[in-house]
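Residues per chain are reported as follows:
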Amino acid sequence: MADRQKSKPTSVMNDTKWDEIRLAMHELPFPCKWRTVSTEGYQSEPDADWYYHFRIGGYNCISYLDILVTDDTKRKAVREILQAIHVPGEETAEGFRIYGYQAENMAMNYL
């Protein structure tokens with residue numbers, strides 16, 4: 001019986017794109033929380049420090065980032081930022097999910 005290798009997810013983000021998000025979110029005139037899920041499955045607690053905390057540990061282990069918004073005005077502002085950066089993700093009930101990796105057979109949309 002032939003060994004089947006589990007396919008590794010494909011990276012769809014790079015450090016430059018993550019930094020663009022980090023700096024743009026840091027510049028918002030209102031606080032906006034985020035949380036990440038790592039490639040190992042660890043989910044961080046929501047945090048509002050984009051400048052220092054978001055980049056701790058690097059970006060290679062981010063499976064996806066959730067940007068949490070609390071109202072329509074903030075949602076509109078964050079959507080415009082993400083569309084300008086052109087990142088792989090989707091709008092969610094809580095805000096936005098930005099993907100760091102794409103699983104095999106996963107259709108990828110861009111904001």
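Residues numbered from 1 in each chain as written. Predicted model: local features only at pLDDT ≥ 70, side-chain atom pairs only at ≥ 80, totals over all residues. Heavy atoms only, no water.

Caption draft 1: Local environment of the sheet that holds strand 3 (residues 62-68). One open sheet accounts for four strands, arranged 2-3-5-4; its pairing is antiparallel. Of all the strands in the sheet, the pair left with one neighbour each is strand 2 (33-38) and strand 4 (89-91). The average angle at which neighbouring strand axes cross in this sheet is 15 degrees, direction not considered. Bridging between strand 3 and strand 5 (residues 95-99) involves five bridges; their strand directions are antiparallel. When the bridges of strand 5 are listed, I67 appears paired with F96. The strands touched by helix 1 (residues 15-26) within the sheet are strand 3 and strand 5, with strand 3 carrying the most contacts at an inclination of about 20 degrees. Against the sheet, helix 2 (residues 72-85) engages strand 3, strand 4 and strand 5, with an angle of about 20 degrees to strand 5. (Pairing = 2+ DSSP bridges. Helix = DSSP H or I, 4+ residues; strand = E, 2+ residues; numbered from the N terminus. Axes fitted to C-alpha atoms, helices over the stretch in contact; angles between N-to-C directions. Contact = heavy atoms within 4.5 Å.)

Caption draft 2: Highlighting helix 2. Over its 14 residues, helix 2 extends 20 Å from the first C-alpha to the last, a length consistent with the 20 Å expected when each residue adds 1.5 Å. Restricting attention to buried positions, one finds in helix 2 the residues K74, R75, V78, I81, L82 and I85. Buried residues in helix 2, looked at end-on, bunch into an arc of 130 degrees, giving them a common side. Among the exposed residues of helix 2, those oriented more than 90 degrees off its buried face are D72, T73 and A84. Buried residues along helix 2 sit in contact with helix 1, strand 3, strand 4 and strand 5. Where helix 2 begins, one side-chain oxygen reaches toward the backbone nitrogen of T73, 3.0 Å away; that side chain belongs to D71. Phi for H86, located one or two positions after helix 2, is positive at around 60 degrees. (Expected span 1.5 Å × (residues − 1). Buried < 20%, exposed > 50% of the residue type's maximum accessible area, 1.4 Å probe, protein only. Arc of directions from axis to C-beta. Polar contact = N/O pair within 3.5 Å; in protein donor to acceptor, adjacent residues only side chain to side chain.)

Caption draft 3: Just the pattern of salt bridges, in detail. By the definition in use, this model includes seven salt bridges. Here D66 makes a salt bridge to R35, at a shortest N to O gap of 3.4 Å. Here D66, found in strand 3, pairs with R35, found in strand 2; they are 31 residues apart in sequence, far enough to count as distant. Under the relative-accessibility criterion, R35 is labelled buried at 13%. The closest approach of N and O atoms between R97 and D66, which form a salt bridge, is 2.8 Å. Of this pair, R97 sits in strand 5 while D66 sits in strand 3, and the two are 31 residues apart along the sequence. A residue is classified by how much of its surface remains accessible, and D66, at 3% relative accessible area, is buried. It is possible to trace a salt-bridge network through shared partners that takes in R35, D66, E94 and R97. (Salt bridge = Lys/Arg side-chain N within 4 Å of Asp/Glu carboxyl O.)

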